[in-house]
Amino acid sequence: MVDRAALIGDIAPCVKPTGTQEESIRKALDKALNELLLALPYEKLAGLSQSTMAELVAVVKMIDQKTCEKLSVLWEPKRKLDPELKLRVRKDLLALLLKERVRYEPLPAVLEIARQDGASISKVRSAAPLKDLKDLAKKWDKHWKAAQETRAVFEEHLVALLKGHEPLAKPAKK
């Protein structure tokens, strides 16, 4: 088996490619790196060196939107990308790589249990898809109706519940 990466490293200093060849080589290397990245399990990130992680962060800053979305699906399979999350998927991947946020796991259906999880508020604000927020609102506060079906409205209400506000009482019958 040929160690292609080592061979490229050995040959590269000996050649002076034309501008067109340089561009072709860069595109081929970018494609190979994207394919490797899309095969990299999230669990393996913890074992990478700091310098490799820094390079990985730089690569994520450069890759295209579709690759970012595919990488998000690979690393956070329980997080479904809605249109709003797709707009910020690169930022979210970088936050994940830099350990500025935890990997998304759906919040518990029981409010009291979710209140005990210290990451619940950040999950609501930064990682949860709108569909999950709507589902949680129905489970945590059965009688609440959103004035608008926006992410901000659901986030605000769910965070208030997590901070201790009580769900709305059942409306009185007329």
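Everything below is about the structure shown above.
Calculation notes
Residues numbered from 1 in each chain as written. Predicted model: local features only at pLDDT ≥ 70, side-chain atom pairs only at ≥ 80, totals over all residues. Heavy atoms only, no water. Helix = DSSP H or I, 4+ residues; strand = E, 2+ residues; numbered from the N terminus. Rg over C-alpha atoms; globule rule 2.2 N^0.38 Å. Buried < 20%, exposed > 50% of the residue type's maximum accessible area, 1.4 Å probe, protein only. Salt bridge = Lys/Arg side-chain N within 4 Å of Asp/Glu carboxyl O. Polar contact = N/O pair within 3.5 Å; in protein donor to acceptor, adjacent residues only side chain to side chain. Contact = heavy atoms within 4.5 Å.

Peer 1: So what exactly am I meant to see when it comes to the overall build of the chain here?
Peer 2: Regarding its fold elements, the chain presents 10 helices and 0 strands. Secondary structure of the chain in N-to-C order comes out as α-α-α-α-α-α-α-α-α-α. A compact globule built from 174 residues should have a C-alpha radius of gyration of about 16 Å, whereas the chain, at 22 Å, is more than 25% larger. Expressed as lengths along the three principal axes of its C-alpha atoms, the size of the chain is roughly 85 × 30 × 25 Å.

Peer 1: In this structure, what is going on with unusual backbone geometry? I would like to understand it.
Peer 2: Trans is the common state for peptide bonds, and a negative phi is the common state for residues other than glycine. One non-glycine residue with positive phi stands out, namely Lys-99, at about 60°. Looking at Lys-99, the relative accessible area reads 67%, which means it is exposed.

Peer 1: It is not clear to me how the pattern of salt bridges should be interpreted in this structure. Could you clarify?
Peer 2: Where charged atoms of side chains with opposite charge meet at close range, the side chains can pair. Counted under the stated rule, the structure contains 15 salt bridges. Of the charged contacts in the structure, one is a salt bridge between Arg-79 and Asp-92, with a shortest N-O distance of 2.5 Å. In this pair, Arg-79 sits in the loop between helix H4 (65–75) and helix H5 (83–87) while Asp-92 sits in helix H6 (residues 89–97), placing the two residues 13 residues apart along the sequence. Just as Arg-79 is buried, Asp-92 falls in that class too. Linked by salt bridges that have partners in common, Glu-76, Arg-79, Arg-88, Asp-92 and Arg-101 make up one network.

Peer 1: Could you clarify how one ought to interpret the side chain of Arg-79 in this entry?
Peer 2: Looking at Arg-79, the relative accessible area reads 1%, which means it is buried. Looking at Arg-79, its side chain comes within polar contact range of the side chain of Asp-92, at 2.5 Å. Sequence-distant contacts of Arg-79, defined by excluding residues within four places in its chain, comprise Ser-72, Leu-85, Arg-88, Asp-92, Arg-101, Tyr-104, Ser-126, Ala-127 and Pro-129.

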